[in-house]
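Descriptive analysis of the structure
Chain by chain, the residues run as shown.
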Amino acid sequence: MREITICRLCSACCPVKVEILEGKIQGAQRITNFEKTITCPKLLQAKDIVYSKKRILRPLLRNSISEDFKEVTWNEALSFIAEKIEKIKKDYAQQSIALLRGMAADWGSSWDYSVRFMSALGSPNAIGNGSVCFVAREMAHTYTYGSITIPQVKDSKCIVIWGKNDRNTAPTMAEAIIYAKEKGAKIIVVDPVKTFFAEMADLWIKIKPAHDGALALGLMKVIVDEALYEIDFINNYCIGFDSLCEFLSKIDIQEMARLSGISVDELKEMARLYGKTKPACIIDGNGIDMQTKVFQTTRAISILRALTGNIDIEGGDFIPQPIPLKNIQLRDLVSSIPSVMVDYPLFEKFHPTWGLHGQSCLIDAILEEKPYPIKMLFVQSGNPAVTMMDSHKVRKALEKLDCLVMIDMFKNKTAQYAHVILPASSCFEKTQINRAYTRNSFIMLQKKVIEPVGESKGDIEIIFELAKILGLKDYFPWNSVEEALDYQLQPTGLTIDILLKNPKGIWYEKPRFRKYESEGFKTPSKKVEIFSERLLYGGFDPIPFINGFNQNPISFSNNREYNFIGISGERVNCYTHSQFRHVTELRNIEPEPYIDINPLDAETLKIKEGQMLRVSTPKGKIEMKARISHSIQKGVIKIAWGWGEESDSWNLNFLTDDELRDPITCTPSGRSFYCKIEKLGD
Ligand SMILES: Nc1nc2c(c(=O)[nH]1)N[C@H]1C(S)=C(S)[C@@H](COP(=O)(O)OP(=O)(O)OC[C@H]3O[C@@H](n4cnc5c(=O)[nH]c(N)nc54)[C@H](O)[C@@H]3O)O[C@H]1N2
Ligand SMILES: Nc1nc2c(c(=O)[nH]1)N[C@H]1C(S)=C(S)[C@@H](COP(=O)(O)OP(=O)(O)OC[C@H]3O[C@@H](n4cnc5c(=O)[nH]c(N)nc54)[C@H](O)[C@@H]3O)O[C@H]1N2
Ligand code: SF4
Ligand SMILES: [Mo]
């Protein structure tokens, strides 16, 4: 039997066909509309992932982290959690209980129910990891033109790939880029690394890590100086162009090129190619996230889209048409209680359903007990002991908790600090509505295609169970997940039944371009806000970098001993963050992690291929083998990402810093940091 669903083994959310025999997954394949397709190695191993011997099949419990876990019944585990919650509420307050979400279980319905649960419990502290993933970037788009844009790659004539590597992270987008390239589209890649797309690009901008803001300013300057802008769009639909021009008149193009690590000629070439080729789109990615200037850098890139009139046009950057689900998060119940994100008010209040994403603030609150102590934490679909910046600090915080409850499929590194683990079902074992499919008008259901493995339960069902044992059933009146999802779908006129009958998805609404002509933009002024009064009143630059591009965006820049820039390696297509190293077929593809180093640096330091290196920063050290590679620029090393799950000596986040942060989105410098290299043995 073949079933269609959505894969969530990573956040690309591909539609897939799953082969099922006698209720068990045999194999799976991506569904794609393109002729040249990309195979996903993770999906090919879906069977091994789902039926892995390492899956947690029953709840696990221990009274203290020095004991071993014991398998218990759901009732025992839930009763233990309920008792702990009552104790924390009595000894502290309900807001001393928090929930931290990783990326795996989806930001759609499962997140909505987790936030609702925390609201019902009386705590505002349901925290996601969007300060380092794309919520910080999404906020900057939104502050500029009301929403994040979706690049219309297939119909574009010029595609800028800025800090993104879709070949490994988003195969559907990668297929669209290849299709457009074959139809003649120009490709510009902005990346410190020579990626798959940089190899085939018309122009590769070898950016100095974390200096993308300077590049964006330089591009604006050339576009304005050479009148490559769309004056009608600017006059009718933007505010702040005159202030921008005045600011740019003081910008030194040489300085912007120097900061970006490229020549003035390269900068001009990019501005001209992007400014003159119509329509053009910009794909921005995680290379910009995790920078300490992510917000203003993304604002600057967003303004480039507006200056060139590429917004909401065919082949440009589309303003999505969200599907109007009911907001069920009940955050009004806790609006009078300050959250741990009090120091980042704009980010805290940015969106009604994205929720709170200041994960660094949560760690601070645990350690410093400000604005109040955090004593109990739920970690759902995340591995913070490995994936959050400054692992030593994060682990100290996890250790300090009175109770840590994990909701996961596997006993990851974070489990070392857990008291209870509730076994979660994989993406193929549960039905949910994905955010990737409600943020724009095409909706498809992630449908349960096999029964839950062992005694595992889907994330939404686990929340229902927790609510029940805590006496919060009134807030969760539904008899099944499907019934709850139908409630969320009410404003759309759709139901789970309709979606099940249309497994390949439904167009809720056809795409409409140039919506701004009749509707304006979803900003306070209804225009593209090149100048943002909201930012000005919040105490921030109303035009990106108008008060200077001063502070070095990379951590540990003030210590000359740390003379290389280390960057987190791009994601590889066989793993998701810290996941799947235990899957034999995937491990065969990429058996161990490497530090990529430029041949010139290797020669100077007399480093041989395969030589063991120690990399250190003021935060810690790691050890990996060297791989000499032309794809990496001089003075920079690329360190493989996600291997901390396998060994502490491979944990990249022992090197990263959580102190230097974006002042608006509390984003730490996780992408890049100054570091020192030493050779170990021969
Ligand atoms: N230095 C540095 N740090 C980074 C990054 C980087 O590039 N460099 N990347 C950052 C980014 S963008 C992200 S998104 C984060 C990722 O951070 P995490 O989300 O913590 O990363 P994962 O390793 O994917 O951990 C996901 C966990 O969820 C579990 N899981 C999988 N599916 C499900 C499910 O359906 N339900 C439940 N309950 N659990 C499930 C997996 O077993 C795994 O333990 O890391 C960030 N940290
Ligand atoms: N296979 C796989 N797919 C995934 C994931 C996974 O773990 N594995 N994770 C999912 C998640 S949560 C996310 S957030 C996405 C991320 O997807 P992408 O945005 O594609 O993320 P990366 O591959 O980490 O980084 C993109 C590029 O940024 C570059 N880069 C690094 N530093 C800089 C910089 O300072 N400036 C610029 N301009 N570029 C820089 C890197 O060299 C890399 O080529 O992928 C999702 N898909
Ligand atoms: S890229 Fe692979 S793992 Fe990620 S969603 Fe698509 S099929 Fe699944
Ligand atoms: Mo992410």
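The residue numbering used here restarts from 1 in each chain and proceeds along that chain's sequence as written. Numbering of ligands from 1 and lettering of chains from A proceed in the order in which they are written. Restriction of local features to residues with pLDDT of at least 70 applies here, the model being predicted, together with a cutoff of 80 or more for giving and counting side-chain atom pairs; totals for whole chains, interfaces and linings are based on all residues. Side-chain descriptors were evaluated using all non-hydrogen atoms of the structure, hydrogens and water having been removed beforehand.

Looking at the overall build of the chain
The following threshold applies: Runs of H or I in DSSP of at least four residues are treated as helices and runs of E of at least two as strands, each being numbered from the N terminus. The atom set for the radius of gyration is the C-alpha atoms, and the globule formula is 2.2 Å times the number of residues raised to the power 0.38. Exposure is judged per residue with a 1.4 Å probe applied to protein chains only, and the accessible area is read against the type maximum: over 50% gives exposed, under 20% gives buried, and values in between give partly exposed. Between two residues, a contact is recorded if the distance between any of their heavy atoms is within 4.5 Å. Methods summary: accessible areas were calculated by the Shrake-Rupley approach with a probe of 1.4 Å, and residue burial reflects only the protein chains presented.
If you tally the helices and strands in the chain, you get 25 helices and 28 strands. Taking 2.2 N^0.38 as the reference for a compact globule, 682 residues should give roughly 26 Å; the C-alpha atoms of the chain span a radius of gyration of 24 Å, in line with that estimate. Projected onto its principal axes, the C-alpha positions of the chain cover 70 × 65 × 50 Å. Taking all 682 residues of the chain together, 63% fall into the buried category. Relative to all contacts within the chain whose residues are 6 or more apart in sequence, the contacts with residues 24 or more apart total 76%. Roughly 25700 Å² of accessible area belongs to the chain as shown, and the carbon and sulfur atoms make up 48% of that amount.

Observations concerning the packing of aromatic side chains
Definition in use: The aromatic pairing rule takes the rings of Phe, Tyr and Trp, using the six-membered ring of Trp, and pairs them if the centres are within 6.5 Å, calling planes under 30 degrees apart stacked, those over 60 edge-to-face and the rest tilted. Comment: the charge-over-ring label is applied if NZ (Lys) or CZ (Arg) is within 6 Å of the ring centre and within 35 degrees of the ring normal.
Under the criterion given, the structure shown has 24 aromatic pairs. Aromatic pair Trp 478 and Tyr 487: ring centres 5.5 Å apart, planes at 45 degrees, arrangement tilted. For Trp 478, a relative accessible area of 8% corresponds to the buried category. Between Phe 545 and Phe 549, the aromatic rings sit 4.8 Å apart at their centres with planes inclined by 70 degrees, giving edge-to-face as the arrangement. Neither residue differs from the other here; Phe 545 and Phe 549 are each classed as buried. Here the aromatic cluster, defined as three or more aromatic residues joined through ring pairs, consists of Tyr 113, Phe 464, Phe 476, Trp 478 and Tyr 487. In this arrangement the basic side chain of Arg 116 is found over the ring face of Phe 476, its NZ or CZ atom lying 5.6 Å from the centre. Seen from the ring of Trp 354, Arg 435 lies directly overhead, with NZ or CZ sitting 4.0 Å from the centre.

Things to note about the site of ligand 3
To keep things clear, this is the line we draw: By convention in these notes, a residue is near a molecule or strand provided one of its non-hydrogen atoms lies within 4 Å of it. Note that Gly is not counted as nonpolar here; it falls among the polar residues with everything else outside the nonpolar set of Ala, Val, Leu, Ile, Met, Phe, Trp, Tyr, Cys and Pro and the charged set of Asp, Glu, Lys and Arg.
Around ligand 3, the surrounding shell consists of Cys 7, Leu 9, Cys 10, Ala 12, Cys 13, Cys 14, Arg 30, Cys 40, Lys 42, Leu 43 and Pro 171. Residue composition of the shell around ligand 3, grouped by class: 9 nonpolar, no polar and 2 charged.

What about unusual backbone geometry?
When glycine is set aside, most residues are seen to have a negative phi, and most peptide bonds are trans. Looking along the chain, the bond that leaves Lys 278 and enters Pro 279 is cis, with omega of -10 degrees. Take Pro 279: it is sitting in the loop between helix H13 (264-276) and strand S13 (280-284). Each neighbour pair has its own omega, and for Lys 370 with Pro 371 the value is 0 degrees, a cis peptide bond. Along the polypeptide, Pro 371 turns up in the loop between helix H16 (359-368) and strand S15 (376-380). Although it is not a glycine, Arg 514 sits at a positive phi angle of roughly 50 degrees. Of note in this structure, Phe 545 is not a glycine but carries a positive phi near 65 degrees. The topology assignment puts Phe 545 in the loop between helix H23 (533-538) and strand S23 (564-568).

A short note on the side chain of Thr 298
Inspection of the secondary structure puts Thr 298 in helix H14 (residues 294-307). With a relative accessible area of 1%, Thr 298 lands in the buried category. In this structure Thr 298 touches Arg 137, Ala 140, His 141, Asp 284 and Ile 288, once residues within four positions along its chain are discounted.

Regarding the domain arrangement of the chain
For the record, the criterion: Just so you know, the domain bounds were taken from an automatic or database domain assignment. Two parts lose some accessible area (1.4 Å probe) when they are put together, and adding that loss for both gives the buried area. The salt bridge criterion pairs a side-chain nitrogen of Lys or Arg with a carboxyl oxygen of Asp or Glu, the two atoms within 4 Å. As used in this structure description, the phrase polar contact means that two N or O atoms lie within 3.5 Å; if the pair is within protein, one of them must be able to donate a hydrogen and the other to accept it, and residues adjacent in sequence are counted only when both atoms belong to side chains.
Along its sequence, the chain is organised into domain 1 (60-134 + 323-507), domain 2 (150-318) and domain 3 (564-680). Between the C-alpha centres of domain 2 and domain 3 the distance comes to 27 Å. Contact residues are listed per partner, giving 23 residues for domain 2 and 24 residues for domain 3. Counting the surface lost from both domain 2 and domain 3, the interface buries some 1800 Å², and carbon and sulfur atoms represent 61% of this. Scanning the region where domain 2 abuts domain 3 turns up 0 salt bridges. Across the contact surface, domain 2 and domain 3 share 10 residue pairs in polar contact (both at pLDDT 80 or more). Of all the secondary-structure elements, those providing two or more residues to the side of domain 2 that touches domain 3 are helix H6 (166-169) and H14.

As for the site of ligand 2
The local shell around ligand 2 holds 32 residues, among which Asp 191, Ala 210, Asp 212, Tyr 575 and Arg 671 are the closest. Measuring from an oxygen atom of ligand 2, one finds a side-chain N or O atom of Asp 191 at 2.6 Å. Taken by itself ligand 2 offers 910 Å² of open surface, and the protein chains cover 97% of this. Here the shell around ligand 2 gathers at least three residues from each of two domains, domain 2 (150-318) and domain 3 (564-680).

Observations concerning helix H19 (residues 459-469)
Of all 11 residues making up H19, 8 are buried, and the element is well covered by its neighbours. For H19, the complete set of buried residues consists of Asp 459, Ile 460, Ile 462, Ile 463, Phe 464, Glu 465, Leu 466 and Ala 467. Of the residues trailing H19, Gly 471 is marked for its positive phi of about 75 degrees.

Concerning the pattern of salt bridges
Proximity of charged atoms lets side chains of opposite charge pair with each other. For the structure on display, the rule yields 46 salt bridges. Across the pair Asp 166 and Lys 164 runs a salt bridge whose closest N-O atoms are separated by 2.5 Å. With a relative accessible area of 0%, Asp 166 lands in the buried category. One salt bridge connects Arg 661 with Asp 658, and the closest N-O pair in it is separated by 3.0 Å.

What about the packing of helix H9 (residues 212-225) against H14?
To keep things clear, this is the line we draw: Working convention: axes come from line fits to C-alpha atoms, limited for helices to the stretch in contact. Angles between N-to-C directions cover 0 to 180 degrees. We call two directions roughly parallel when the angle between them is under 35 degrees, roughly antiparallel when it is over 145, roughly perpendicular when it lies between 65 and 115, and oblique otherwise. Should the near helix be turned counterclockwise from the far one by less than a right angle, the crossing is left-handed, whereas a clockwise turn marks it as right-handed.
In contact at an axis separation of 8 Å, H9 and H14 are set at 25 degrees when each is read in the N-to-C sense. One way to sum up the angle between H9 and H14 is to call them roughly parallel. Relative to H14, H9 is oriented so that their crossing is left-handed. Seen from H9, the contacting residues are Asp 212, Gly 213, Ala 216, Leu 219, Met 220 and Ile 223; seen from H14, they are Thr 297, Ala 300, Ile 301, Ile 303, Leu 304 and Leu 307.

Some remarks on the nonpolar core
Definition in use: Think of a nonpolar core as a cluster: buried Ala, Val, Leu, Ile, Met, Phe, Trp, Tyr and Cys residues, connected wherever their side-chain atoms sit within 4.5 Å.
Of all hydrophobic cores here, the largest spans 158 residues; its most connected members are Tyr 113, Phe 117, Trp 162, Leu 215, Leu 244, Met 270 and Phe 378. In terms of residue count, H9 provides more of this core than any other element does, 9 residues in total. Both of domain 1 (60-134 + 323-507) and domain 2 (150-318) provide at least three residues apiece to this core. Apart from residues lying up to four places away in sequence, Leu 215 is in contact with Trp 162, Val 190, Ile 205, Ile 207, Ser 260, Ile 262, Leu 267 and Met 270.

Section: the sheet that holds strand S5 (residues 70-71)
In any sheet, the strands associate via hydrogen bonds between backbone groups, in a parallel or an antiparallel arrangement. Condition: Strands are treated as partners if at least two bridges between them are detected by DSSP.
One open sheet holds the 7 strands; their spatial order is S5-S4-S17-S16-S15-S6-S7, and the pairing between them is mixed. Edge strands, defined here as strands with exactly one partner in the open sheet, are S5 and strand S7 (126-127). Bridge count for strand S16 (residues 403-408) against strand S17 (residues 420-423) is 4 bridges, and the pairing is parallel. Across the sheet, Met 406 pairs through a bridge with Ile 421, a residue of S17.

Observations concerning the pairing of strand S10 (residues 186-190)
The side chains of a regular strand alternate, residue by residue, between the two faces of the sheet. Judged by how many residues are buried, S10 sits mostly within the fold: 4 of 5 residues are covered. Bridging between strand S9 (residues 158-162) and S10 involves 5 bridges; their strand directions are parallel. Counterpart to Cys 158 in the pairing with S10 is Lys 186. Two strands pair when backbone bridges link them, and S10 and strand S11 (residues 203-205) are joined in this way by 3 bridges, in the parallel orientation. By the bridge assignment for S11, Val 189 is matched with Trp 204.

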